[in-house]
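# Coordinate inspection notes
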Amino acid sequence: MTNIAIFVSGSGTNCENIIRHFTDSKNVKIALVLSNRSDAYALVRAEKYNIPTVILPKTDFYKEEQLLG
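This one's a predicted model, so the numbers in the text were calculated from it and none came from an experiment.

Calculation notes
- Residue numbers restart at each chain and count upward from 1, following the sequence in its written direction.
- For this predicted model, a pLDDT threshold of at least 70 governs which residues receive local features, and a threshold of 80 or more governs which side-chain atom pairs are given and counted, while totals over whole chains, interfaces and linings are taken from all residues.
- The basis for the side-chain values is all heavy atoms of the structure; hydrogens and waters are excluded.
- When a carboxyl oxygen of Asp or Glu is within 4 Å of a side-chain nitrogen of Lys or Arg, the pair counts as a salt bridge.
- In DSSP terms, a helix is any run of H or I states spanning at least four residues, a strand is any run of E spanning at least two, and both are numbered starting from the N terminus.
- Three exposure classes are used, based on accessible area relative to the maximum for each residue type with a 1.4 Å probe and protein chains only: buried under 20%, partly exposed in between, and exposed over 50%.
- Only buried residues count toward a nonpolar core, which is a set of Ala, Val, Leu, Ile, Met, Phe, Trp, Tyr and Cys residues joined through side-chain atoms within 4.5 Å.
- Contacts: residue pairs with any heavy atoms within 4.5 Å of one another.
- Two strands qualify as a pair provided DSSP detects at least 2 bridges between them.
- Crossovers are marked right-handed if the path from the first strand over the helix to the second runs clockwise, as seen with the strands pointing away from the viewer.

Let us now look at the pattern of salt bridges. Taken as a whole and assessed by the stated rule, the structure comprises four salt bridges. In this structure, R45 engages E16 in a salt bridge whose closest nitrogen and oxygen atoms are separated by 2.5 Å. Here the residue R45 occupies a position in helix α2 (residues 41–48), and E16 occupies one in helix α1 (residues 13–22), the gap between them amounting to 29 residues. Relative accessible area serves as the criterion here: at 18%, R45 is assigned to the buried category. On the basis of relative accessibility, which here comes to 5%, the residue E16 falls in the buried class. Residues R37 and D39 are paired through a salt bridge, measuring 3.1 Å at the closest nitrogen-oxygen approach. R37 gets classed as partly exposed once you look at its relative accessible area, which sits at 37%. Assessed through its relative accessible area of 56%, D39 is described here as exposed. Each of E16, R20, R45 and K48 takes part in one network of salt bridges that share partners.

Structural data, given as structure tokens:
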């Protein structure tokens, strides 16, 4: 099983399409949706599918320990 994280910052229509595409996959799991904006509607869309979400300041995107932690 391959785990995928989706990085988002906006409304999340593409995010939701990706989630739907892999919903019944035996090979791919959407494990996390990560955003630099707490008001990104994509986070709401992810929660609708019970996918964990994380809000991380954009400056921390370059800190490996923050992303992998």
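Now for the nonpolar core. Counting residues in each nonpolar core, the largest one holds 11 residues, listed as I6, V8, C15, I19, I30, V33, A40, A42, L43, A46 and I51. The set of elements that each furnish at least two residues to this core consists of β1 (2–8), α1, β2 (28–35) and α2. If we ignore the near neighbours within four places in the chain, the residues touching A40 are S9, G10 and S35.

Okay, the pairing of β1 next. As paired elements, β1 and β2 share seven bridges and run parallel to each other. In the strand pairing of β2, N3 is matched with K29. With α1 bridging β1 and its parallel neighbour β2, the resulting β-α-β unit is right-handed.

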